[in-house]
Amino acid sequence: MTIPPDNHGRPENVRGVTHDLASRIASAKRERDREDDRASRDASPEMSGLARGLRIGTEFIAAVLVGAGIGYLIDLGLGTSPWGLLILLLMGFAAGILNVIRVVAEMNAASPAPPGSDLGPGAEDEERNDNDDA
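Here is a short report on the structure shown in this document.

Cut-off values and rules
Residues numbered from 1 in each chain as written. Predicted model: local features only at pLDDT ≥ 70, side-chain atom pairs only at ≥ 80, totals over all residues. Heavy atoms only, no water. Helix = DSSP H or I, 4+ residues; strand = E, 2+ residues; numbered from the N terminus. Contact = heavy atoms within 4.5 Å. Areas by Shrake-Rupley, 256 points an atom, 1.4 Å probe, with all protein chains shown as cover. Phe/Tyr/Trp six-rings, centres within 6.5 Å; stacked < 30°, edge-to-face > 60°. Buried < 20%, exposed > 50% of the residue type's maximum accessible area, 1.4 Å probe, protein only. Salt bridge = Lys/Arg side-chain N within 4 Å of Asp/Glu carboxyl O. Lys, Arg positive; Asp, Glu negative; His and termini not counted. Patch = residues over 30% accessible without salt bridge, like charges linked within 9 Å, V, L, I, M, F, W, Y side chains within 5 Å. Charge placed at Lys NZ, Arg CZ, Asp CG, Glu CD. Expected span 1.5 Å × (residues − 1).

Further remarks concern the overall build of the chain. Helix and strand counts for the chain stand at 4 helices and 0 strands. Seen in sequence order, the chain has helices and strands lined up from the N terminus as α-α-α-α. Sequence-distant contacts, at least 24 apart, represent 55% of the contacts inside the chain between residues at least 6 apart. Accessible area of the chain: about 10,900 Å², with a carbon and sulfur share of 63%.

Written out as structure tokens, the structure is:
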């Protein structure tokens, strides 16, 4: 009596193909993990465009809402409706504009323009224009 092979009724070459497929899948996973690690290392710590936009919008809206809220509370307490709300709403708007300017300046300082980009007229251009006018 012969002992049947332990291949569950599959031919011998199918088992080799399955083993080959499993090893290729494992190597592809390792390669993908290496690429993911490399991409996460190369990713800059700077914010994406969406994150920048959300931060700027949040800074502005928060300042306006805080100004309006404080103005409303002052109107409730002092009975000066609607003047406290209007004045502090405008002050909140101004604070929001200043916050946006501050945040944009901070973001621009954190990520300077790429080399070779046109940043508009510089000091040398202004001097050249002054000399051309003379």
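Our next topic: the packing of aromatic side chains. Throughout the structure, instances matching the rule amount to 1 aromatic pair. With a centroid separation of 5.3 Å and an interplanar angle of 80°, the aromatic rings of F60 and F93 are classed as edge-to-face. Of the two residues, F60 is situated in helix 2 (residues 49-78) and F93 in helix 3 (residues 83-110); the sequence distance between them amounts to 33 residues. We classify F60 as partly exposed; its relative accessible area is 22%. The partly exposed category is assigned to F93, whose relative accessible area is 42%.

Tallied over the full model, the rule gives 6 salt bridges. In this structure, R102 engages E59 in a salt bridge whose closest nitrogen and oxygen atoms are separated by 3.5 Å. Taken together, the residues span a long stretch of sequence, with R102 in helix 3 and E59 in helix 2 at a distance of 43 residues. A residue is classified by how much of its surface remains accessible, and E59, at 21% relative accessible area, is partly exposed. Put simply, R102 and E106 hold a salt bridge, and the shortest N to O gap is 4.0 Å. Here the residue R102 and the residue E106 both occupy positions in helix 3, the gap between them amounting to 4 residues, near one helical turn. Assessed through its relative accessible area of 39%, E106 is described here as partly exposed. What emerges from the salt-bridge pattern is a single network uniting R55, E59, R102 and E106.

Tracing the chain through its elements places D75 in helix 2. Buried D75, no salt bridge; nearest opposite-charge side chain is R102, N-O distance 26 Å. Setting aside its immediate chain neighbours within four residues, D75 contacts T80, S81, P82, W83, G84 and L85.

Attention now moves to a negative patch on the surface. Negative charge collects at one region of the surface, where D33, E35, D36 and D37 lie side by side. Assignment of secondary structure puts D33 in helix 1 (residues 12-42).

Excluding glycine, a negative phi dihedral is what most residues carry, and trans is how most peptide bonds are arranged. Of the consecutive residues S81 and P82, the connecting peptide bond is found in the cis state with omega at -5°. Relative to the helices and strands, P82 resides in the loop between helix 2 and helix 3.

So, on to helix 3. Relative to the 40 Å expected for 28 residues at 1.5 Å per residue, helix 3 spans 40 Å between its end C-alpha atoms, a close match to the ideal helical length. Among the residues of helix 3, G84, L88, G92, G96, V103 and M107 are the ones counted as buried. If you follow the buried residues of helix 3, they end up packed against helix 2.

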